[in-house]
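The residues making up each chain are set out below.
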Amino acid sequence: MAIVLGPNQYGKAEVRVVAVDRSTPRHTLVDLNVSSALRGDFSAAHLTGDNAHVLTTDAQKNTVFAFARDGISSPEAFGIRLAAHFAGSYPWISGARVALESYGWDRIAVGGQPHDHAFRRAGAEVRTAVVTADDAQLHVVAGLTDLVVLKSTGSEFWGFPRDAYTTLAETRERILATAVTARWRYTSTDLDWHGVYDTVRTTMLEAFASTHSLALQQTLHAMGTAVLETVPEVAEVRLSMPNKHHFLQDLSAFGLDNPDVVYHADDRPYGLIEGAVLRDDVPPAEVAWQGTPGFV
Ligand SMILES: O=c1[nH]c(=O)c2[nH]c(=O)[nH]c2[nH]1
């Protein structure tokens with residue numbers, strides 16, 4: 001038996017970089033969390049501690065800050081620039097993965113007017129991008145997490161089998177709520193990144209709102225399908241959607257009825273509905289998804 005070194009990668013995780021565009025009195029902010037990981041021949045460092053091939057994680061962090069000096073137009077474009085740079089920096093580096101989270105900031109309104117340089121963190125929602133450089137090919141997977149949505153009607157759930165442990169009542173009227181995690185893979189590396197991101201996000205929201213839901217699974221499929229129908233440059237959408245249960249509260253102890261008015265928002269356990277919707281005529285690119293946590 002021989003013991004061999006298996007797959008490995010290394011990099012700097014969670015570089016928090018904030019870039020302020022002060023070119024006009026109306027400042028803009030970009031707030032990113034950037035993680036880089038390099039792949040290639042680093043066996044000497046692992047086997048003997050010879051660091052001749054190790055582009056330090058400290059240098060990777062410095063590169064993120066240095067590149068930010070030129071401004072950050074979008075997470076995707078910044079990720080492409082970094083991944084291409086790292087992947088091309090030394091012959092023994094065969095690939096790079098750059099994952100970015102973008103945190104939104106809204107302007108504080110003062111006297112009803114959005115302020116020029118005072119901001120409030122937007123909700124929990126985070127925009128994400130992962131750029132993978134592999135064999136000189138670039139892959140871009142964009143996404144979002146924690147997009148919390150709720151429909152107060154237009155959701156039913158019935159027709160499921162009833163085994164010995166099924167107690168859930170069938171319902172023709174329920175609240176449907178979820179926190180969407182979505183990732184989608186582009187077939188292009190040259191897009192209007194903000195425009196196409198907004199289109200995908202809006203399309204998912206519209207599909208959630210306008211689908212009369214017979215199951216969260218059906219809503220998930222409708223959201224993914226709508227994105228593929230609307231944006232030709234998206235090859236595949238992966239969605240993870242917790243079913244944030246809202247149970248009708250029994251008020252009978254107080255002599256009160258409850259005609260779909262008062263609910264208990266339960267936080268756990270929750271149903272977890274996950275799925276991918278893809279075009280069957282686009283070749284898969286599993287490398288683009290490597291390192292993505294969980295299903296998405
Ligand atoms: O939309 C739903 N899908 C399920 O699979 C499920 N299971 C459950 O208990 N409630 C629901 N709701």
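Residues numbered from 1 in each chain as written. Predicted model: local features only at pLDDT ≥ 70, side-chain atom pairs only at ≥ 80, totals over all residues. Heavy atoms only, no water.

What about the pairing of strand S6 (residues 176-186)?
The condition is simple: Throughout, exposure labels follow a simple rule: accessible area from a 1.4 Å probe, protein chains only, divided by the maximum for the residue type, with under 20% read as buried, over 50% as exposed, and the rest as partly exposed. What counts as a helix is a DSSP run of H or I of at least four residues, what counts as a strand is a run of E of at least two, and both are numbered from the N terminus. Note on pairing: DSSP must find at least two bridges between two strands before they are called paired.
Within S6, eleven of the eleven residues are buried, which leaves the element mostly enclosed by the surrounding structure. By the alternation rule, side chains of S6 split into Leu 176, Thr 178, Val 180, Ala 182, Trp 184 and Tyr 186 and Ala 177, Ala 179, Thr 181, Arg 183 and Arg 185, which are all buried. Relative to S6, strand S5 (residues 137-151) runs antiparallel, the two being bridged by ten bridges. Each bridged residue has a counterpart across the sheet, and for Val 149 the counterpart in S6 is Thr 178. The pairing of S6 with strand S7 (residues 234-243) spans six bridges and is classified as antiparallel. Opposite Trp 184, over in S7, you have Val 237 as the bridge partner.

Focus on the pairing of strand S3 (residues 93-110)
Where strand S2 (residues 28-40) and S3 come together, ten bridges link them in antiparallel fashion. Looking at the pairing, Ser 36 lines up with Val 98 of S3. Here S3 pairs with strand S4 (residues 113-134) via 14 bridges, running antiparallel. Bridge pairing in S4 links Arg 107 to Phe 119. In this antiparallel pair of consecutive strands, S3 and S4, the connection spans two residues, and Gly 111 shows a positive phi of 60 degrees.

So, the UniProt feature "active site" (unreviewed entry) in the protein chain
Let me state the cut-off plainly: UniProt positions are given in the numbering used here, feature names are shortened, and annotations may be inferred rather than shown by experiment. Here, residues are in contact when the closest pair of their heavy atoms is within 4.5 Å.
With numbering aligned to this structure, UniProt lists the feature "active site" (unreviewed entry) at Lys 12, Thr 57 and His 245. Spatial dispersion of the annotated residues is evident: they stretch over 234 residues in sequence, and the largest pairwise C-alpha distance comes to 42.8 Å. Along the chain, Thr 57 turns up in helix H2 (residues 57-68). Residues contacting Thr 57, with those up to four places away along its chain left out, are Tyr 10, Gly 11 and Lys 12. Along the chain, the position of His 245 falls in the loop between S7 and strand S8 (246-248). Discounting chain neighbours no more than four positions away, the residues touching His 245 are His 264, Ala 265, Asp 266, Pro 269, Tyr 270 and Gly 271.

Overview of the packing of H2 against helix H3 (residues 75-87)
We count it as follows: With axes taken as lines fitted to C-alpha atoms, and helix axes fitted only over the stretch in contact, angles between N-to-C directions fall between 0 and 180 degrees. Angle categories are assigned with fixed cut-offs, so that under 35 degrees is roughly parallel, over 145 is roughly antiparallel, 65 to 115 is roughly perpendicular, and the rest are oblique. Here a crossing is called left-handed whenever its near helix is offset anticlockwise from the far helix by less than a right angle, and right-handed whenever the offset is clockwise. Following the grouping adopted for this structure description, the nonpolar residues are Ala, Val, Leu, Ile, Met, Phe, Trp, Tyr, Cys and Pro, the charged ones are Asp, Glu, Lys and Arg, and the polar ones are all others, Gly among them.
It is the contact of H2 with H3, at a shortest axis distance of 11 Å, that shows an interaxial angle of 135 degrees. Here H2 lies oblique to H3, going by the angle between them. The crossing of H2 and H3 is right-handed. Residues Gln 60, Thr 63, Val 64, Phe 67 and Ala 68 of H2 form the contact with H3, whose participating residues are Phe 78, Arg 81, Leu 82, His 85 and Phe 86. A breakdown of the residues in the contact of H2 with H3 according to their chemical character gives six nonpolar, three polar and one charged.

Concerning the nonpolar core
Note the following rule: Among buried residues, the Ala, Val, Leu, Ile, Met, Phe, Trp, Tyr and Cys ones that are joined through side-chain atoms within 4.5 Å form a nonpolar core. Either an automatic procedure or a domain database provided the assignment from which the domain bounds are taken.
Of all hydrophobic cores here, the largest spans 56 residues; its most connected members are Val 34, Phe 78 and Trp 184. When residues in this core are grouped by element, the largest group, seven residues, is from helix H4 (residues 193-210). Looking at this core, you find at least three residues from each of domain 1 (9-135) and domain 2 (143-296). In contact with Val 34, not counting residues within four places along its chain, are Lys 12, Ala 13, Glu 14, Val 15, Val 17, Val 64, Phe 78, Leu 82, Val 98, Ala 99 and Leu 100.

Let's talk about the domain arrangement of the protein chain
Keep this limit in mind: Reported buried area values correspond to the accessible surface (1.4 Å probe) lost by two parts on association, with both partners' losses combined. For this document, the term salt bridge refers to a Lys or Arg side-chain nitrogen within 4 Å of an Asp or Glu carboxyl oxygen.
When the domains of the protein chain are assigned, the result is domain 1 (9-135) and domain 2 (143-296). If you average the C-alpha positions of domain 1 and of domain 2, the two centres end up 29 Å apart. Contacts between domain 1 and domain 2 engage 15 residues on the former and 16 residues on the latter. Summed over both partners, the interface of domain 1 with domain 2 buries about 1400 Å², with 46% contributed by carbon and sulfur atoms. Among the residues domain 1 hides against domain 2, the three largest losses belong to Glu 125, Arg 127 and Thr 128. Together they make up 39% of the total. Applying the counting criterion to the domain 1 and domain 2 interface returns one salt bridge. Notably, a salt bridge pairs Glu 125 with Arg 201, separated by 2.7 Å at the nearest N-O pair. Looking at the side of domain 1 that touches domain 2, the elements with two or more residues in it are H3 and S4. Among the elements that take part in the side of domain 1 that touches domain 2, S4 stands out by supplying seven residues, more than any other. Across the side of domain 1 that touches domain 2, the residue classes break down as five nonpolar, four polar and six charged.

Things to note about H2
Defined as follows: One fewer than the residue count of a helix, multiplied by 1.5 Å, yields its expected span. Throughout, the arc means the angular range of directions from the helix axis out to the C-beta atoms.
When the terminal C-alpha atoms of H2 are compared, their 17 Å separation across twelve residues agrees well with the 16 Å that a helix rising 1.5 Å per residue should span. Those residues of H2 lying buried are Gln 60, Thr 63, Val 64, Phe 67 and Ala 68. One side of H2 holds all its buried residues, which, seen down the axis, span an arc of 130 degrees.

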